[in-house]
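A closer look at the structure
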Amino acid sequence: MEVSGKQAIVFDFDGTLVDASEAICHSFNQALRKCELPRMDPQEIRAMIGRPLVGMFEGVEGSAGVDADHFVREYRSAFFSNSLVLTRLMPGAEETLTHFSSSLKLGIATSRKSDGALHILKNFGLLDHFSAVIGIEHVSESKPDPEPIYRTLEQLQVPVEQAVMVGDTTDDMTAGKRAGLTAVGVTTGTTSRAELIEGGADHVVTELSALVDLVDLSHLSS
């Protein structure tokens, strides 16, 4: 299969491969309740998905007087209970990953801790498709800094010019471009096509299955 010299794809996780928004919103509000903070509207929480959890919490009204580590512990406990029931794969994710995993190295660079992503991937039987899963605990700077991309490619042992970044947020696009990758945005999260392009996307698709033809085309380049 001709892949335009590309050897690897680095995927974002939430909003790109899976829709864990219901699990995230439910767990976030459970943690807020445990910390005696007011419940948030799920739409407000969804708008923050993709940012590190501590950053999400710092945006909550009244959070300044609450221990962030306590909130994170409560959230993670709730999420592990909720995630498998309330998370679904994005349409076309399984077929797209199966298509690429036989010929390319696949990695994940996520702003969540890696164990949550591994937990979900294992549940869906997709863990074996990935040779690297880099979470926020593996880096000193999260996206839009390129460090998570560099760490993923180090594990995959693939140079930046031979890799593609796929994500649903402007932070994904910015991180990918800063790292020197071709950046492909997917409008499966809460970010619009125009915003992804503004963030640096070289290409934008509406669903993961469209990635198959795009990456296989000989003109795909940085």
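Please refer to the structure placed before this passage.
Now for a look at the structure at hand. Only a predicted model underlies this, so the values are computations on that prediction, with no experimental measurement involved.

Considering the pairing of strand S6 (residues 163-167)
Of all 5 residues making up S6, 5 are buried, and the element is well covered by its neighbours. Residues Ala163, Met165 and Gly167 of S6 are buried on one face, and the alternating residues Val164 and Val166, pointing to the opposite face, are buried as well. Here strand S1 (residues 8-11) runs beside S6; their pairing, made up of 4 bridges, is parallel. In the strand pairing of S6, Phe11 is matched with Val166. When S6 meets strand S7 (residues 182-186), the two strands line up parallel, connected through 4 bridges. Counted as the bridge partner of Gly167 is Gly185 from S7.

Some remarks on the side chain of Asp14
Relative to the helices and strands, Asp14 resides in the loop between S1 and strand S2 (18-19). Residue Asp14 is classed as buried on the basis of its relative accessible area, which comes to 11%. Those residues in contact with Asp14 that sit more than four places away from it in its chain are Ala20, Ile24, Ile49, Thr110, Arg112 and Asp168.

What to know about helix H6 (residues 114-123)
All buried positions along H6 are accounted for by Ser114, Gly116, Ala117, Ile120 and Leu121. Burial along H6 is one-sided: seen end-on, the buried residues are contained in an arc of 160°. Of the residues flanking the end of H6, it is Gly125, one or two places downstream, whose phi is positive at about 70°.

Comments concerning the layout of surface pockets
Put simply, the largest pocket is a space of about 350 Å³. Pro52, Leu53, Ser111, Arg112 and Lys113 are the residues nearest the centre of the largest pocket, which is lined by 22 residues in total. Elements with a contribution of two residues or more to the lining of the largest pocket: helix H3 (53-58), helix H4 (68-86) and H6. With 5 residues, H4 is the single largest residue contributor to the lining of the largest pocket. Split by residue class, the lining of the largest pocket holds 11 nonpolar, 4 polar and 7 charged. Gly15, Asp19, Ser21, Gly189 and Thr190 are the residues nearest the centre of the second largest pocket, which is lined by 17 residues in total. In terms of residue class, the lining of the second largest pocket is built from 5 nonpolar, 7 polar and 5 charged.

Quick look at the side chain of Lys143
Among the secondary structure elements, Lys143 is positioned in the loop between strand S5 (132-134) and helix H7 (147-156). Taking the relative accessible area as the measure of exposure, Lys143 reaches 5% and is therefore buried. From its side chain, Lys143 meets the backbone oxygen of Ala109 in a polar contact 2.7 Å long. A polar contact of 2.7 Å, which involves the side chain of Lys143, links it to the side chain of Asp172. When residues no more than four places from it in sequence are discounted, the contact partners of Lys143 are Asp12, Ala109, Thr110, Ser111, Pro148, Ile149, Met165, Asp171, Asp172 and Ala175.

Some details on H4
Residues that lie three or four places apart on an α-helix share one face, since the helix turns once every 3.6 residues. Along H4, the largest kink reaches about 35° and is centred on Phe80. Where H4 is concerned, the buried positions are Phe71, Val72, Tyr75, Ala78, Phe79, Asn82 and Ser83. Its side-chain oxygen 3.3 Å from the backbone nitrogen of Asp69, Asp67 forms the N-cap of H4.

Points about the nonpolar core
In summary, soluble globular proteins display a tendency toward joint burial of nonpolar side chains. Within the largest apolar cluster, 51 residues are counted, with the highest numbers of intra-cluster contacts made by Ile9, Phe11 and Phe28. Sequence-distant contacts of Phe11, that is, excluding residues within four places in its chain, are made with Thr16, Leu17, Leu97, Leu106, Gly107, Ile108, Ala109, Phe130, Met165, Val166, Leu208 and Leu211. The next biggest cluster of nonpolar side chains, apart from the first, holds 13 residues, and it includes Ala109, Ile149, Leu156 and Ala163.

Cut-offs applied
Residues numbered from 1 in each chain as written. Predicted model: local features only at pLDDT ≥ 70, side-chain atom pairs only at ≥ 80, totals over all residues. Heavy atoms only, no water. Buried < 20%, exposed > 50% of the residue type's maximum accessible area, 1.4 Å probe, protein only. Helix = DSSP H or I, 4+ residues; strand = E, 2+ residues; numbered from the N terminus. Pairing = 2+ DSSP bridges. Contact = heavy atoms within 4.5 Å. Arc of directions from axis to C-beta. 1 Å grid on protein atoms, 1.4 Å probe; cavity = no way out; pocket = protein on both sides within 12 Å on 5 of 7 lines; lining within 4 Å. Points joined across faces, edges and corners; volume = space filled by probe spheres on them. Nonpolar A, V, L, I, M, F, W, Y, C, P; charged D, E, K, R; others polar. Polar contact = N/O pair within 3.5 Å; in protein donor to acceptor, adjacent residues only side chain to side chain. Bend = angle between axes of the 7 residues up to and from the residue. Core = buried A, V, L, I, M, F, W, Y, C linked by side-chain atoms within 4.5 Å.

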